[in-house]
Amino acid sequence: MSLADELAANNARYAEHYQGPLPTPPSRQLAVVTCMDSRMDVHALLGLQLGEAHVLRNAGGIVTEDVIRSLVVSQRLLKTEEIVVIHHTQCGLLDLDEASFTGDLERDAGSRPLWRPGTFHDVDADVRSCVAQLRNSPYLSHTDRVTGFVFEVETGRLRPVS
């Protein structure tokens, strides 16, 4: 059995007890921007249930044009009003040599990517930078309630970043 077959079988069991559909707008009017790291169960670590928040994940949990696009849709069409940014310790992008990484990509693919990997050297500083980007975005309706945290993978605790 392939992994895809196993996942389809898991879904069949899930669908037997599915309690949907939920309303489309998140009931907590919350959007979370975080890393794709597989060690983070975002709903569990924030005490959220399905249907309560939009969760946007990418490598590093960085604010990109597409994250802002998704947050604009979240706010303007689906009525979210608060944004939480969560980075984490032991991130794969922490201290990664961006020039070397993109150089390897250019060598292997034949062209340099149009996007940047989003590497950083200080997780707290990067959270502050992402929070500032969101607070200063002219496209977002609600920029007054943007909060940043670092998830400590060693302890499971969230640490506020001011």
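Keep in mind the model is a prediction, meaning the values are calculated, not measured.

A. The arrangement of the packing of aromatic side chains in detail. In total, this model carries one aromatic pair according to the counting rule given. Arranged with centres 5.7 Å apart and planes meeting at 50°, the rings of tyrosine 14 and tyrosine 18 form a pair that is tilted. Its relative accessible area of 47% is what places tyrosine 18 among the partly exposed residues.

B. Highlighting the side chain of asparagine 58. With respect to the helices, strands and loops of the structure, asparagine 58 is situated in strand S2 (residues 53–58). At 2.9 Å, the side chain of asparagine 58 forms a polar contact with the backbone nitrogen of glycine 61.

C. Layout of the pattern of salt bridges. Per the stated rule, a full pass over the model turns up nine salt bridges. With a closest N to O distance of 2.6 Å, arginine 112 and glutamate 106 form a salt bridge. A residue is classified by how much of its surface remains accessible, and arginine 112, at 42% relative accessible area, is partly exposed. Measuring nitrogen to oxygen at the nearest pair gives 2.6 Å for the salt bridge that ties arginine 159 to aspartate 124. Here arginine 159 is found in strand S5 (residues 157–161), whereas its partner aspartate 124 is found in helix H5 (residues 123–135), with 35 residues between them in sequence. Linked through salt bridges whose partners overlap, the residues forming this network are Asp104, Arg107 and Asp108.

D. Focus on the sheet that holds S2. Within the open sheet, the five strands sit side by side as S2-S1-S3-S4-S5. Their pairing is mixed. Since the sheet does not close on itself, it has two edges, and those belong to S2 and S5, each with one partner. Between one strand axis and the next, the sheet turns by 25° as a mean value, whatever way the strands run. This element, helix H3 (residues 65–78), spans strand S1 (30–35), S2 and strand S3 (82–88) of the sheet and lies at about 175° to S2. Against the sheet, H5 touches S3, strand S4 (146–152) and S5, its axis set at about 155° to S4.

Calculation rules
- Residues numbered from 1 in each chain as written.
- Predicted model: local features only at pLDDT ≥ 70, side-chain atom pairs only at ≥ 80, totals over all residues.
- Heavy atoms only, no water.
- Phe/Tyr/Trp six-rings, centres within 6.5 Å; stacked < 30°, edge-to-face > 60°.
- Buried < 20%, exposed > 50% of the residue type's maximum accessible area, 1.4 Å probe, protein only.
- Helix = DSSP H or I, 4+ residues; strand = E, 2+ residues; numbered from the N terminus.
- Polar contact = N/O pair within 3.5 Å; in protein donor to acceptor, adjacent residues only side chain to side chain.
- Salt bridge = Lys/Arg side-chain N within 4 Å of Asp/Glu carboxyl O.
- Pairing = 2+ DSSP bridges.
- Axes fitted to C-alpha atoms, helices over the stretch in contact; angles between N-to-C directions.
- Contact = heavy atoms within 4.5 Å.

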